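# Observations on the model geometry
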Amino acid sequence: MTVRLHWFLPTGGDGRTLVDRHAYGPDTTGKISGVRAPDLDYLVQIAKAAERLGFEAVLTPTGTWCEDAWLTTVALAQHTERLKFLVAFRPGLLSPTLAAQMASTYQRLTGGRLLLNVVTGGDSAEQRRFGDRLDHDRRYARTDEFLSVVRGVWGGGPYDFHGEHYQVDGAVTALPPDPVPQLFFGGSSPAAGPVAARHADVYLTWGEPPALVKEKIDWIRGLAERQERTVRFGIRLHTISRDSAAEAWATANRLLDDLDADTVAAAQAALGRSESVGQQRMLALHGGSRDKLEIHPNLWAGVGLVRGGAGTALVGSHAEVADRIEEYHALGMEHFVLSGYPHLEEAYWFGEGVIPELAARGLLAGGRAADARVPLAAASGR
């Protein structure tokens, strides 16, 4: 098992600070310095950098705070050649038969470059913006049925399904996808685990300390074995990698210095209302305090003071960041979905610093570093 690396597309805006996911918009433009609009030209730069540096795919988020992932990535596919797109989407907001058809079309239009990230949704307030009024556990029950229909439709023949949430008769798509997209799936609640075990190709977790990550791996692996299935594992992390540990921690401290107490308090209050068990686990790592944010060597919880979802970063020298990736890999982590602020510059810091380290340790397929011939100064303007 080798390490498989993925980057992130900031379709809700980007910048040189820990930009809140709602920061980019008509009410805040000009109020926060250094915010970059998620326009096509900028996202193309990130996608091309990720492809050139050797990342396999880019994760594109879903929600009311960002651009639509399906449309954005199909546009970006026209500007890249090999890069895959890990498209996040929410079951229940569209027909499962239509989702199967969209994925099939996507594969043909892009030459098989689609991966799917299933986001059941942990925030009822946001779900209601889409007209979805199911509670947390019923959303996972619906996701279970949704993925059963999608996989059934991809089977090629007319597919019938009659459940609590979906009833379809003779569901088909013109041509099954080739290849069938891998399904990435996350969720830390008791309702999420069995759904992951039945349907996920890759179970994706946010970056907790290794001991807690191992507990999750053991949990999902045990559930999958009862289903006579094998699930692979991935982890979602930010990175701050520099030529020296001192430089990396100076960058992390600068990001922290940009956050005032009121901003942190408001973010923590909003995130504390989330129904997501994974989000509550992220909050518990720091408790809203700036003290002791290094919760494991080189694992920093400062991002989660203001950002929902993935709230931890690998911080250190290129070798130290590679050490932590190797540590998670030894637990069974195969896929690493990474990001950093700003996403263009941090892609180069990681790609030119950490990827050669991983290649030298034999952790990458083929054992070769990425073709990263563009110097960092040219990419970042430093």
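Conventions and cut-offs
- Residues numbered from 1 in each chain as written.
- Predicted model: local features only at pLDDT ≥ 70, side-chain atom pairs only at ≥ 80, totals over all residues.
- Heavy atoms only, no water.
- Phe/Tyr/Trp six-rings, centres within 6.5 Å; stacked < 30°, edge-to-face > 60°.
- Helix = DSSP H or I, 4+ residues; strand = E, 2+ residues; numbered from the N terminus.
- Buried < 20%, exposed > 50% of the residue type's maximum accessible area, 1.4 Å probe, protein only.
- Lys NZ or Arg CZ within 6 Å of the ring centre and 35° of its normal.
- Salt bridge = Lys/Arg side-chain N within 4 Å of Asp/Glu carboxyl O.
- Axes fitted to C-alpha atoms, helices over the stretch in contact; angles between N-to-C directions.
- Parallel < 35°, antiparallel > 145°, perpendicular 65-115°, else oblique.
- Contact = heavy atoms within 4.5 Å.
- Nonpolar A, V, L, I, M, F, W, Y, C, P; charged D, E, K, R; others polar.
- Lys, Arg positive; Asp, Glu negative; His and termini not counted.
- Polar contact = N/O pair within 3.5 Å; in protein donor to acceptor, adjacent residues only side chain to side chain.
- Core = buried A, V, L, I, M, F, W, Y, C linked by side-chain atoms within 4.5 Å.
- Arc of directions from axis to C-beta.
- Left-handed = near helix turned anticlockwise from the far one by under 90°.
- pLDDT = per-residue confidence, 0-100.
- Pairing = 2+ DSSP bridges.

### What about the packing of aromatic side chains?
Throughout the structure, instances matching the rule amount to eight aromatic pairs. Centre to centre, the rings of Tyr203 and Phe233 are 6.3 Å apart; their planes meet at 75°, and the pair counts as edge-to-face. With Tyr203 in strand E8 (residues 202-206) and Phe233 in strand E9 (residues 232-242), this pair connects stretches of sequence that are 30 residues apart. By relative accessible area, which is 1% here, Tyr203 ends up buried. Given the relative accessible area of 1%, Phe233 is considered buried. The ring of Phe8 has Arg307 sitting right over it, with the charged end atom 5.8 Å from the ring centre.

### Overview of the pattern of salt bridges
For the structure on display, the rule yields 22 salt bridges. Here Glu208 ties to Arg281 by a salt bridge, and the two come within 2.7 Å at their closest N and O atoms. Taken together, the residues Glu208 in the loop between E8 and helix H7 (210-226) and Arg281 in helix H10 (residues 277-284) connect sequence positions 73 residues apart. Residue Glu208 is classed as buried on the basis of its relative accessible area of 2%. Take Arg281: its relative accessible area is 27%, and that puts it in the partly exposed class. Salt bridges linked by common partners bring Arg4, Glu56, Lys84, Arg232 and Glu334 together as one network.

### Re the packing of helix H5 (residues 136-154) against helix H6 (residues 192-199)
At a closest axis distance of 9 Å, the pairing of H5 and H6 adopts a crossing angle of 10°. As summarised for this structure, H5 and H6 are arranged roughly parallel, according to the angle between their axes. Contact with H5, carried on its side by Tyr140, Thr143, Asp144, Leu147, Ser148 and Arg151, involves Ala192, Val195, Arg198 and His199 of H6 and no other residues of that element. Across the contact of H5 with H6, the residue classes break down as four nonpolar, three polar and three charged.

### Some remarks on the side chain of Asp14
Position of Asp14 relative to the elements: it lies in the loop between strand E1 (4-8) and helix H1 (40-53). Buried within the structure, Asp14 lacks any salt-bridge partner; its nearest side chain of opposite charge belongs to Arg36, at an N-O separation of 4.5 Å. Here His343 takes part through its side chain, which lies 2.9 Å from a polar atom of the side chain of Asp14.

### Regarding the nonpolar core
One broad rule of soluble globular proteins: the nonpolar side chains tend to lie buried together. With 76 residues, the main nonpolar core has Leu5 and Phe350 as its most contacted residues. Setting aside residues up to four positions removed in sequence, Phe350 forms contacts with Leu5, Phe55, Thr239, Val321, Ile325, Leu338, Ile355 and Leu358. In this structure, Ala252, Leu259, Ala267 and Leu285 belong to the second largest nonpolar core, which totals 20 residues.

### A closer look at helix H2 (residues 69-77)
Looking at H2, one finds that the buried residues are Ala69, Trp70, Thr72, Thr73, Leu76 and Ala77. The buried residues of H2 all sit within an arc of 165° when viewed along its axis, so they share a single face. Sitting at the amino-terminal end of H2 is Asp68, which places a side-chain oxygen 3.2 Å from the backbone nitrogen of Trp70.

### Some points on the packing of helix H3 (residues 96-110) against H5
Between H3 and H5, the least distance of the axes is 8 Å, while the angle of their chain directions is 50°. One way to sum up the angle between H3 and H5 is to call them oblique. Both H3 and H5 take part in a crossing whose hand is right-handed. Residue-level contacts link Pro96, Thr97, Ala99, Ala100, Ala103 and Ser104 of H3 to Phe146, Val149, Val150, Val153 and Trp154 of H5. Its residues assigned to classes, the contact of H3 with H5 shows nine nonpolar, two polar and no charged.

### Things to note about the confidence of the model for the chain
Residues at a pLDDT of 70 or more form 92% of the chain, whose mean pLDDT is 90. For the stretch residues 21-29, pLDDT sits under 50, and the model shows 12 contacts to residues farther than four places along the chain or on other chains. In the predicted structure, residues 370-382 sits below a pLDDT of 50 and forms 27 contacts with residues beyond four places in sequence or in another chain.

### With respect to the pairing of E1
The element E1 is largely enclosed, with a buried count of four among its five residues. Bridge count for E1 against strand E13 (residues 333-339) is three bridges, and the pairing is parallel. Among the inter-strand pairings, Leu5 is bridged to a residue of E13, identified as Phe336. Here three bridges tie E1 to strand E2 (residues 57-60), and the two strands are oriented parallel to one another. Looking at E2, one finds that His6 is bridged to Ala57.

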